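These are the residues of each chain, in order.
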Amino acid sequence: MKTFCGRANPTTGALDWVEESEEYDYHQEIARSCYADMLHDHDRNEKYYQGIRAAVGRVKARGERVIVLDIGTGTGLLSMMALTAGADLCYAVEVFKPMAEAAQRIVEKNGFSDRIKIINKHSTEVTVGPDGDMLTRANILVTELFDTELIGEGALPSYEHAHIHLVQDGCEAVPHRATVYAQLVESELLWSWAQLQPLQVGGARLLPPPEVARCAGAHSVCDIQLSQVEPHSFTPLGPLCTMFTVDFSKPVSSAPQNHSSGFPAQSSGRAQVVLSWWDIDMDPNGTIVCSMAPSWTYPEPRSAPWRDHWMQSVYFLPAERTVVQGEELSLTVSHDDYSLWYSLDSASQSGNRVEAPPCRPCCTCQAHLVWTRPRFGELNDKHRTESYVAALRSVVNADSVCVGVSDGSLLPVLAHMLGPKKVFSLENSRMSKQVIEQVLDANSLRGKVQVLGIRADQLSSSDLGGEQISVLMGEPYFSTSLLPWHSLFFWYCRTSLAGLLRPGATILPSSATLWMLAVEFEDLWRIRAPCGTCEGFDVGPMDDMVQRSMDFRESREAEPHPLWEYPCRALTTPMPVMTFDFTQCVPQQPITSQGSVQLKRSGRCHGVALWMEFQLTDDITVSMGLTGPVGDQGECQWSLHRRQAVYFFRTPQESSGDGRSSLTPLESSGDGRSSLTPLESSGDARSSLTPLESSGDGRSSLTPLESSGDGRSSLTYSFTFQPSLGDIKMDLELQ
């Protein structure tokens, strides 16, 4: 049996549906899961263990046999904790079949298979009785059904069903309760992710469409590592409020609810954003607490536990409103069975409310469906806009015919404001086209920029009124791009438009360069690191399962991450490894680049960060990765708007770099048309390639590196750009 999977096609900019074997989907799910992150979360594991011990003790003190129901068991870790604490029997429910099979192997390996029954079902399908999945109802309910928003994984319906059908009245629950907290703030940074701001272009001002300004925005939560948002980036307008509590030891309702908290405004400002997180009490007395609070709420921020499976939430109010210090406010959180949303009223309005509670936000302007939150931030980045305007100003004149190729881009509008002859914008998406037309209408520019709802390969001379293109421009940004080099779709568009270009036409950007940097992550390594043992239990079968899934197909590939959320140290000098010349067409033959770079700082090398940098003009570049020089200790500052790629090593490598780093570039082979200029190219690098050790399956074999500290530790790389696929294959190895 086959399955169809959506995959970005960088050569067409489209999402292709590709037929894969039936195993592919769940192998991808496992390979990109965060099971390891949860098992590496010692604070979580320790608090669960303490709570389970206490719950088992309370049941035993009543003279009862301890029967545990573990919903969402995953590896079976919590069930094994329960038996070690003295439970008599555990029913461990896991709906994901590969995980249930791994849990079975894990409990067998740890000697618990006679008292842990793995049930491969959704908990709402579990039955109780002589012929059921469970012989009797449980008197301890253990769950880990939470996400960053607490209820987004269906915790409420699962608890509701369990209390009705699967557990005894008055059962113990671990966790015992959850509490959701929220704080109202003003933040120019965070609000820039929700609303389009006015842009200044010379003496002119580009205004956002009123439809966008009035729109409540997308309903989905913005989950981020709030610890990486500096406190100076926002102003609290109210105290940290306790919004609601759920007691999991009692019957739970999944029906929609509203909870309000009143307070006087602490300061005057613009109420825009709600920061939210939760904690869970593992025991009834609240002495065992696992908190999701960001690190800057701790007296010692570095003591805060790190986790990526539970982060913090940012909610955007439907509309910003001005508040005055001392004004009595009422913050309301509403939720259904899967999501939360917030609204703000004055206390008097809240008390007099007779109408229905606020509905869940819904985008009515389409902009919040076209532009992601990082994309809103990118469009609102004034420094970035200034770079593009400066580049356009240097090439646009009164005779220019400009064509823009990017998704939902304001670049053609900015170009028009500089006075060219004609401007065209190619927007293949109907919604993107309508959003850009809203921008034009809001600024009385309808007809001044012609928005064409076609692809670049469909553009004809008649569409341009017989004109030839003198300036082809792109950011580039494409909504289907997952990895940094997927933006090379601009190169394919430029190639398809070659016949419509004037001789000597300007291509902006003129080139793109792929950069790499070997890094030591502060915490992100946990999501891919094998666990081995966890709290004294052998979870090796899970490591094996993840590795098999990563080996299923092209395991050694990079994955996208917003690195501004994940601090890291540079262990090498940032290095350009491939440059793509947009003034030339896409070559027919693959392009390769090989070389090595020495590690200059000591540390543990977890992987390699990769990003693109675009050369707008000879002296203007825009980076989608590092936004400043690397600090003396290897500190990195990353773009807030784009995801970078990370190539994780299977085994972290130790480096004792002595600072005497030197680049050892190897030659590059291409098609001879200088569309690749990583370093110096002779057009043939076959004799200068440093071989990578191979496991025989085309993937590099990684072995731990013991560095002698003599500066000889190096990162060897090999990159191949495949024009037929629009993708980059890579092999990296530390030697």
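Going by the structure above, here's the rest.
Residues numbered from 1 in each chain as written. Predicted model: local features only at pLDDT ≥ 70, side-chain atom pairs only at ≥ 80, totals over all residues. Heavy atoms only, no water.

K.L.:
Give me the pattern of salt bridges: which residues, what numbers.
P.N.:
For the coordinates displayed, the defined rule picks out 29 salt bridges. Among the ionic pairs, E172 bridges to R62, the shortest N-O distance being 3.0 Å. With E172 in strand 7 (residues 167–174) and R62 in the loop between helix 3 (42–61) and strand 3 (67–71), the pair connects residues that are 110 residues apart, well separated along the chain. Residues joined in a network through salt bridges with shared partners are R375, E378, R384, E475 and R642. (Salt bridge = Lys/Arg side-chain N within 4 Å of Asp/Glu carboxyl O. Helix = DSSP H or I, 4+ residues; strand = E, 2+ residues; numbered from the N terminus.)

K.L.:
Account for empty space enclosed by the protein, with residues named and values stated.
P.N.:
Under the definition given, this model contains six cavities of 30 Å³ or more. Here the largest cavity defines a volume of roughly 90 Å³. Every residue lining the largest cavity is listed: L199, L379, R384, T385, Y388, L410, L411, L414 and E475. Of all the elements in the fold, those that place two or more residues in the lining of the largest cavity are helix 12 (382–393) and helix 13 (411–416). Take the lining of the largest cavity: its biggest share by element is three residues, from helix 12. A class-by-class count of the residues in the lining of the largest cavity yields six nonpolar, one polar and two charged. (1 Å grid on protein atoms, 1.4 Å probe; cavity = no way out; pocket = protein on both sides within 12 Å on 5 of 7 lines; lining within 4 Å. Points joined across faces, edges and corners; volume = space filled by probe spheres on them. Nonpolar A, V, L, I, M, F, W, Y, C, P; charged D, E, K, R; others polar.)

K.L.:
Could you give an account of unusual backbone geometry, naming the residues involved and the relevant values?
P.N.:
The amide bond that connects V174 to the next residue, P175, takes the cis arrangement and shows omega of 0°. Within the element layout of this structure, P175 appears in the loop between strand 7 and strand 8 (177–186). A cis amide bond links E475 to the next residue, P476, at an omega of -15°. Within the secondary structure, P476 is located in the loop between strand 23 (469–473) and helix 15 (489–496). A positive phi angle, near 55°, is found at S444, a position not held by glycine. Mapped onto the elements of the fold, S444 is located in the loop between helix 14 (430–442) and strand 22 (450–452).

K.L.:
Describe helix 5 (residues 97–109), naming the residues involved and giving the relevant values.
P.N.:
Helix length check: helix 5 (13 residues) gives 18 Å between terminal C-alpha atoms against 18 Å at 1.5 Å per residue, within 8%. Looking only at helix 5, the buried set comprises P98, M99, A100, A102, A103, I106 and V107. Downstream of helix 5 by one or two residues, G111 has phi in the positive range, about 80°. (Expected span 1.5 Å × (residues − 1). Buried < 20%, exposed > 50% of the residue type's maximum accessible area, 1.4 Å probe, protein only.)

K.L.:
Please give an account of the packing of aromatic side chains that cites residues and values.
P.N.:
Any two aromatic rings considered together are summarised by their centre-to-centre distance and by the angle between their planes. Using the criterion set out here, one finds 25 aromatic pairs in the structure. Between F478 and F489, the aromatic rings sit 4.8 Å apart at their centres with planes inclined by 75°, giving edge-to-face as the arrangement. With F478 in the loop between strand 23 and helix 15 and F489 in helix 15, this residue pair connects regions lying 11 residues apart in the sequence. F489 matches F478 in its accessibility class, with the two residues each being buried. Each ring, one from F521 and one from F648, has its centre 5.9 Å from the other, and the planes form 40°; the classification is tilted. Of the two residues, F521 sits in strand 25 (residues 511–521) while F648 sits in strand 34 (residues 644–656), which places them 127 residues apart along the sequence. (Phe/Tyr/Trp six-rings, centres within 6.5 Å; stacked < 30°, edge-to-face > 60°.)

K.L.:
Quick one: what's the story with the sheet that holds strand 20 (residues 401–405), residue by residue and with numbers?
P.N.:
What the five strands build is an open sheet, ordered 22-21-20-23-24; its pairing is parallel. Looking at which strands have only one partner, the edges of the open sheet turn out to be strand 22 and strand 24 (501–508). Mean inter-strand twist for the sheet, computed between neighbouring axes without regard to direction, equals 20°. With four bridges joining them, strand 23 and strand 24 adopt parallel strand pairing. Looking across to strand 24, one finds that I469 is bridged to L501. This element, helix 15, spans strand 20, strand 23 and strand 24 of the sheet and lies at about 170° to strand 24. (Pairing = 2+ DSSP bridges. Axes fitted to C-alpha atoms, helices over the stretch in contact; angles between N-to-C directions. Contact = heavy atoms within 4.5 Å.)

K.L.:
Please provide a residue-by-residue account of the sheet that holds strand 3, values included.
P.N.:
Strand order in the open sheet formed by five strands is 5-4-3-6-7, with parallel pairing between adjacent strands. Unpaired on one side and paired on the other, strand 5 (116–119) and strand 7 mark the two borders of the sheet. Taking each pair of neighbouring strands and ignoring which way they run, the sheet shows an average axis angle of 25°. As defined by bridge partners, strand 6 (residues 138–143) adjoins strand 7 across four bridges and the pair is classed as parallel. Each residue of the ladder has a partner; that of V142, found in strand 7, is V174. Packed on one face of the sheet, helix 4 (residues 77–84) meets strand 3, strand 4 (89–93), strand 5 and strand 6 and runs near 175° to strand 4.

K.L.:
An account of the pairing of strand 37 (residues 727–734) is needed here, citing residue identities and associated values.
P.N.:
Two faces make up the sheet, and in a regular strand the side chains alternate between them. Most of strand 37 sits out of view: seven of its eight residues are buried. Note: strand 36 (residues 714–722) against strand 37, eight bridges, orientation antiparallel. In the sheet register, Y717 faces strand 37, and the bridge partner there is L732. Counted between consecutive antiparallel strands, the loop separating strand 36 from strand 37 contains four residues, among which G726 sits at a positive phi close to 70°.

K.L.:
Can you lay out the side chain of E475 for me, pointing to particular residues and giving the numbers?
P.N.:
For E475, the location among the structural elements is in the loop between strand 23 and helix 15. A distance of 2.7 Å separates polar atoms of two side chains, one belonging to E475 and the other to R375. (Polar contact = N/O pair within 3.5 Å; in protein donor to acceptor, adjacent residues only side chain to side chain.)

K.L.:
Go over the layout of surface pockets with me, naming the residues and quoting the values.
P.N.:
Volume-wise, the second largest pocket comes out at about 1100 Å³. Along its surface, the second largest pocket is lined by 43 residues, and S227, Q228, E230, E522 and P567 are the ones closest to its centre. Class assignment for the residues of the lining of the second largest pocket results in 23 nonpolar, 11 polar and nine charged.

K.L.:
Before we move on, could you go through the pairing of strand 19 (residues 340–346) and cite the residues and values that matter?
P.N.:
Burial analysis of strand 19 places seven of its seven residues in the buried class, which makes it a mostly covered element. Here strand 19 shows a buried face lined by L340, Y342, L344 and S346 and a second buried face lined by W341, S343 and D345. As paired strands, strand 18 (residues 328–335) and strand 19 are joined by seven bridges and run antiparallel to one another. Each bridged residue has a counterpart across the sheet, and for V333 the counterpart in strand 19 is Y342. As consecutive antiparallel partners, strand 18 and strand 19 are separated by four residues.

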